[in-house]
Amino acid sequence: MSKTTFAYGKDRLTCSVALSLARGETQGIIESDTRKKIEKCRLAVEQMAAADTPVYGINTGFGPLCTTTISADQTKILQRNLLISHAVGVGDPISAETARLMLVLKLHALAQGYSGIAVATLERIMYLLDNGLTPVVPSKGSVGASGDLAPLAHLFLPLIGEGYLYDSKLHENSTNFHAASDILKIEPLSLGPKEGLALINGTQFIAAHAVLLVERFHRCLAQADVAGAMMLEGLQGSVKPFTAELHELRPFAANAHVAARLRELLTGSEILEDHLDCDRVQDPYSLRCMPQVHGASRTAWLHLKELTEIEINAVTDNPIVLDEHTAISGGNFHGQPLAIALDYACVAAAEMGNISDRRVYLALEGGHGIPKLLMKDTGINSGYMILQYTTAALVSENKTLCFPASADSIPTSLGQEDHVSMGSISGRKALQVVGNLEKILGIELLTAAQAFEFRKPLRSGPLLEEVHRKLRELVSFAEVDRVFAPDIEIATRVIQEGKLLEWTYDLAEEQSLDFQQMQQGPLETF
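Side note on the overall build of the protein chain
Regarding its fold elements, the protein chain presents 21 helices and 9 strands. Principal-axis analysis of the C-alpha atoms places the extent of the protein chain at approximately 85 × 50 × 45 Å. Taking as baseline every contact in the protein chain between residues at least 6 positions apart, the subset at least 24 positions apart corresponds to 79%. Averaging the coordinates of the 45 positive side-chain charges in the protein chain and doing the same for the 63 negative ones gives two points 1 Å apart.

Below is the structure:
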C-alpha cells in the first residue's frame, strides 16, 4: 500500500505528521512549484554574494565577524568551515528519532523558499531520511538562540562527508554508529553561499523536543484519567465532584473535559452505587480535584501544542531572503517562544506526577474495605509500601528539574548574542520529567488495580473492567511479596505505549459508548 505524502514547504505540518515523517510512515516530497520558489531564492542569494553590497551571512562573516567581507571565491570554504567549526556539541547523543525529526523540521522550513538553499541540498537531506541514515547529534551545547547551532552543525556534517551516522538498515535499534564517509556511497556536497548558515541557523533542536513532548505528555494526560478513575473505584471515592453543573460554574474547558472523561469511565459502576449513602462527606483532594489538576496540565499541554505547530511551520533561520533585493537580518532563530512554553509544560507534567503519587500514598493507608499496604497479610509482607518510595523519589527528582531554563541567559558571540533562550535545555528537561511521569503513572496503575481487586464481587463500569482485565493478563494480583521491579517495567511500558487508551477506545467503539466520541477536539487531537 502506498504511503500518504506530505509536500515540504507547502502543506501544513502538525506534530503527528512530523512524527509520521520521521518514522517513515509518511513520504515527504517537494512539488514542482515549490522547487521553482526555492530556485528563485537560491538565484537571488547567488546574485547578492557576487555583488559589492554587504549582506549578512551571504558575503560577510558571522556573529561578531559580521563586518568582515568575504569574497565570492572564498564563499564555499566559508560554508564548510561554518559547519565544522560549529560542531562542538557534547554529551550523550539524542535519540535517532529526535535527530530524524530535526531533519524533517529543517526540510520543511528551508523548502518554503526564504533561505537561499539549493534544491540539491534539500534532496540530500531527503536521501538521508529515505534511506534510514540518521546523523549522530550530541545532546548538549545549544543555548537556543542564533538557532540551535551546535546540534544542527552535527546534524548536517554528513552532507559534506563529515560527522557520524546511524545506519538503521544495518544496525536496527543499535547504539553503534559509523563515520559518514564510511557509509555514504555518494559524493559530499559543496555548499554554496549562505547554505551552511541556513542549515545551522534555526530552532529545530528545540522544536523536535517539543514535538516529542506533545505526543508523550498527551499520552500521560489521557491515561492519568484512566488510572485515577480506577484508583477512585478502588478507594470507593465519589463521582459527585465530576458533575457537569459544578464545572459549568468555573468554565475551564480542560477541567470540564477531564470531568466528563471521568464520568464516562465510571458509568455503570456497581462500586459507586454500593456507597451512595455512606457517611463520607468528601474525598481527599488527589481524588476530588482530578478535573482541576489534570485539567490545568491539559491546558498547558494545549498551549505547548499550539505554539509548537506555529514554530514547525515557520522559517527560523537568518537572514531571510524575500527577493533579489531584500535580505532581512532578524531574530526568528531565537528560541524564547518555545522555551517558556516548554518550561510551563515541564511544571505541568511534574504536577501530574505529584498528584499521582498522592493517590498511591492514599491507597496504602487502607480502610473502607482495603487492607493497609494493599495486602491482607502484612507484617511478614511489606505489600506495596516501597513502590511509593519510588514514586516519591521520581516526584522529588521532577521538582528539581522544574527550574525554568528560560529564566537564564548568558551572553555569547562576544556580546553580539547578548540574550539567549536556553530553550534546548527546557526541551531536554521536560522530556526527562515526562519520562519519570510515565513510571509514576505505571506504579499508580499497579496500586489502583490491586485496590480495585478488593471490591470484588462488585463490578465497575465496562471501560475500567476492561482495563483491569487486560492489565491482569500482564501482571497478576499480589497475594504476598514478590520482586515488583518487573511489574513496574511492564506497567511503565503500558503507559509508554498508550495501552490504556487502546483498551478503552477499542471497547468504547465496539459498544458504541460516548467515551469514543470524546476523543475529538483540541484537548485530545494533535
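From this point, things continue past the structure.
Considerations on the packing of helix α17 (residues 423-453) against helix α19 (residues 485-496)
Remark: α17 packs on α19, axes separated minimally by 8 Å, with the N-to-C direction vectors making an angle of 115 degrees. Taken together, the axis directions place α17 and α19 in an arrangement best described as roughly perpendicular. For the pair α17 and α19, the sense of crossing is right-handed. Of the residues in α19, those touching α17 at E438, K439, L441, G442, I443, L445 and L446 are D487, I488, A491, T492, V494, I495 and Q496. Among the residues forming the contact of α17 with α19, the class breakdown is 8 nonpolar, 3 polar and 3 charged.

Description of the side chain of Q223
Inspection of the secondary structure puts Q223 in helix α9 (residues 204-234). Classification of Q223 as buried rests on a relative accessible area of 0%. Reaching out from Q223, the side chain makes a polar contact with the backbone nitrogen of K499 at a distance of 3.4 Å. In contact with Q223, not counting residues within four places along its chain, are V494, I495, G498, K499, L500 and L501.

Regarding the packing of aromatic side chains
In this structure the tally under the stated criterion is 6 aromatic pairs. On the basis of an interplanar angle of 50 degrees and a centroid distance of 4.9 Å, the ring pair of Y384 and F484 is categorised as tilted. Of this pair, Y384 sits in the loop between α15 (336-364) and α16 (385-400) while F484 sits in the loop between α18 (462-472) and α19, and the two are 100 residues apart along the sequence. Between Y505 and F515, the aromatic rings sit 5.9 Å apart at their centres with planes inclined by 50 degrees, giving tilted as the arrangement. In this pair, Y505 is assigned in helix α20 (residues 499-510) and F515 in helix α21 (residues 514-517), connecting sequence segments 10 residues apart.

Conventions adopted
Residues numbered from 1 in each chain as written. Predicted model: local features only at pLDDT ≥ 70, side-chain atom pairs only at ≥ 80, totals over all residues. Heavy atoms only, no water. Helix = DSSP H or I, 4+ residues; strand = E, 2+ residues; numbered from the N terminus. Contact = heavy atoms within 4.5 Å. Lys, Arg positive; Asp, Glu negative; His and termini not counted. Charge placed at Lys NZ, Arg CZ, Asp CG, Glu CD. Axes fitted to C-alpha atoms, helices over the stretch in contact; angles between N-to-C directions. Parallel < 35°, antiparallel > 145°, perpendicular 65-115°, else oblique. Left-handed = near helix turned anticlockwise from the far one by under 90°. Nonpolar A, V, L, I, M, F, W, Y, C, P; charged D, E, K, R; others polar. Buried < 20%, exposed > 50% of the residue type's maximum accessible area, 1.4 Å probe, protein only. Polar contact = N/O pair within 3.5 Å; in protein donor to acceptor, adjacent residues only side chain to side chain. Phe/Tyr/Trp six-rings, centres within 6.5 Å; stacked < 30°, edge-to-face > 60°.

None of the figures reported here should be taken as evidence of function without further support.
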